Amino acid sequence: MATYIWPATLQPSKVLWRQKHIVITSRSMFIGTAQTAILPGSRWEVSMEFPGQLASVRRAHEAFFLSIRQGADVILMPPLDRPAPLGTMRGVPTLASQMFLGSKSATIATTPGSTLKAGDFVAINTYLFMVRLDAVANASGLMAVEFVNQTKYAAPSGTVVLWDRPLTGFTMDTEFSGIARSLGGIAEPFAITLYENYGLSA
């Protein structure tokens with residue numbers, strides 16, 4: 001397995017984030033009632049579209065994607081559409097208390113008055129989290145934050161909360177199909193989908 005850093009020059013025109021949940025449902029064949037279990041193993045799926053471009057420029061991007069072996073190699077990539085929070089939280093924030101397995105919230109120690117906005121991304125203990133609701137740090141610098149997604153593993157108090165282009169591990173679960181070129185020297189638009197690979201962020 002190899003690890004690749006996302007090229008800084010490779011910018012999509014559209015980005016779509018999804019959460020892939022692990023939900024197990026058992027339905028009675030006699031009375032129709034259902035029992036549902038949600039496991040703490042959801043992961044991010046991100047689909048990206050790239051515009052047409054000069055073939056001479058696109059060659060390096062084609063080589064990058066063709067180097068990736070499906071399901072095996074890891075791409076370390078920041079959230080390209082929101083590399084830093086819209087909120088004002090900066091510096092070196094940390095977890096003020098332990099974050100437990102399956103939790104969807106955290107208390108962050110940061111500068112008093114700092115904010116995170118709904119839709120901002122941060123990384124904790126190598127995992128990428130999206131903020132669900134606007135949050136503000138109190139006079140003691142403690143910020144209670146709710147997230148869209150759950151933790152996969154516990155994170156101890158003092159863990160650094162990354163906010164500046166946090167690199168998260170993704171894999172391509174299908175082979176890259178290549179980039180078509182026209183005779184006029186233009187590489188046609190293309191799209192890819194990446195899937196979060198647990199435990200590989202930086």
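Our subject is the structure that appears above.
Residues numbered from 1 in each chain as written. Predicted model: local features only at pLDDT ≥ 70, side-chain atom pairs only at ≥ 80, totals over all residues. Heavy atoms only, no water.

### What to know about unusual backbone geometry
- Look at Arg165: it is not a glycine, yet its phi comes out positive at around 50°.
- Structurally, Arg165 is set in the loop between β13 (161-162) and β14 (168-171). (Helix = DSSP H or I, 4+ residues; strand = E, 2+ residues; numbered from the N terminus.)

### Some details on the sheet that holds strand β12 (residues 142-146)
- On the basis of which strands lie adjacent, the open sheet formed by three strands has the order β6-β7-β12 and antiparallel pairing. The open sheet is flanked by β6 (94-95) and β12, the only strands paired with a single partner.
- In this structure, strand β7 (residues 105-109) lies alongside β12, joined through five bridges in antiparallel fashion. Paired with Ser105 across the bridge in β12 is Glu146. (Pairing = 2+ DSSP bridges.)

### Thoughts on the pairing of strand β10 (residues 127-130)
- Covered by surrounding structure in β10 are Tyr127 and Phe129 together with Leu128 and Met130, the residues of both alternating faces.
- Where strand β9 (residues 121-124) lies against β10, four bridges are found, and the strand directions are antiparallel. Bridged to Ala123 within β10 is Leu128.
- Connecting the antiparallel pair β9 and β10 is a turn made up of two residues, with Asn125 showing a positive phi of about 55°. (Buried < 20%, exposed > 50% of the residue type's maximum accessible area, 1.4 Å probe, protein only.)

### What about helix α1 (residues 55-67)?
- In this model α1 runs 18 Å from its N-terminal to its C-terminal C-alpha over 13 residues, within 8% of the 18 Å that 1.5 Å per residue would give.
- When we look at burial in α1, the residues that qualify are Ala55, Arg58, His61, Glu62, Phe64 and Phe65. (Expected span 1.5 Å × (residues − 1).)

### Observations regarding the sheet that holds β10
- With antiparallel pairing, the three strands of this open sheet are ordered in space as β10-β9-β13. Two strands bound the open sheet, and with one partner strand each, they are β10 and β13.

### Things to note about the environment of Leu128
- Within the secondary structure layout, Leu128 lies in strand β10.
- Since its relative accessible area comes to 0%, Leu128 is described here as buried.
- A C-alpha to C-alpha distance of 8.8 Å links Leu128 and Glu196, two positions 68 residues apart in sequence.
- In this structure, Leu128 is in contact with Trp17, Trp44, Pro79, Phe121, Val122, Ala123, Asn149, Pro166, Thr168 and Glu196, ignoring residues within four places of it in sequence. (Contact = heavy atoms within 4.5 Å.)

Taken by themselves, the reported measurements are silent on function.
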